[in-house]
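Okay, here's what each chain looks like letter by letter:
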Amino acid sequence: SDLVPALRRRFGGENVVAAGHKTPIPRDITTSGPYTYLDVTRHAEIDRAVRAYDVGTVYHLSSILSARAEENRPVAYEVNFRGLFNVLECAVSNRMERVIVPSSIAAFGPETPRDNTPVAESIKSALGVVVAAYKPGRVAEAQVVLFPQS
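Residues numbered from 1 in each chain as written. Predicted model: local features only at pLDDT ≥ 70, side-chain atom pairs only at ≥ 80, totals over all residues. Heavy atoms only, no water.

(A) Representation of the pairing of strand 4 (residues 98–102) within the structure. Of all the five residues making up strand 4, four are buried; the element is thus mostly covered by neighbouring parts of the structure. Relative to strand 4, strand 3 (residues 57–59) is paired through three bridges, and the arrangement is parallel. Considered in strand 4, the bridge of valine 58 is made with valine 99. (Buried < 20%, exposed > 50% of the residue type's maximum accessible area, 1.4 Å probe, protein only. Helix = DSSP H or I, 4+ residues; strand = E, 2+ residues; numbered from the N terminus. Pairing = 2+ DSSP bridges.)

(B) Summary view of the nonpolar core. Judged by nonpolar contacts, the single largest core of 18 residues is most densely connected at Ile46 and Val99. When residues of this core are traced back to their parent elements, those giving at least two are helix 3 (43–53), helix 5 (73–93) and strand 4. With seven residues, helix 5 is the single largest residue contributor to this core. Among the nonpolar cores identified, the runner-up in size contains six residues, and Val4, Leu7, Val16 and Ile29 belong to it. (Core = buried A, V, L, I, M, F, W, Y, C linked by side-chain atoms within 4.5 Å.)

(C) Representation of the environment of serine 62 within the structure. Tracing the backbone shows serine 62 in the loop between strand 3 and helix 4 (66–71). C-alpha separation for the pair serine 62 and aspartate 39, spaced 23 residues apart in sequence, amounts to 9.2 Å. Contacts of serine 62, omitting those with residues within four sequence positions, involve Val40, Val79 and Asn80. (Contact = heavy atoms within 4.5 Å.)

(D) Region of interest: unusual backbone geometry. Its identity is not glycine, yet aspartate 54 carries a phi of approximately 50°, on the positive side. Structurally, aspartate 54 is set in the loop between helix 3 and strand 3. With a relative accessible area of 68%, aspartate 54 lands in the exposed category. Phi angles above zero are rare outside glycine, and arginine 95 is one such case at about 50°. In this fold, arginine 95 is placed in the loop between helix 5 and strand 4. With relative accessibility at 71%, the residue arginine 95 sits in the exposed group.

The following block contains the structure:
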């Protein structure tokens, strides 16, 4: 992702923690600042990282997209829905400033397919409902949901 390097340039390498799970974290990310591996379906792993690094903002990008989601719907549900729920609950319990959740497949980069992505697009509205339950004031100041144009 281009997000971590951009955030590290803006806020300093030591102030942006990269996290990954199954996809290996690229060397340029592991050598330019802190990083950790965690599973978003396990609340305790998110909470451990948030506390260890004193996280105030999360850019939640963990998801299983489109064709892979259609091949294994139970895993997609766990990652996409339970993962978001766990991130939001962790944000509340740790009084985070904000959680940023891109809700379009377009947010995952120029190489991501734009056509025939029914699962990715259908989860957009459902995730919006989940995020809407976390009103400003509960997740400290606010939460932000990005709806980039596809």
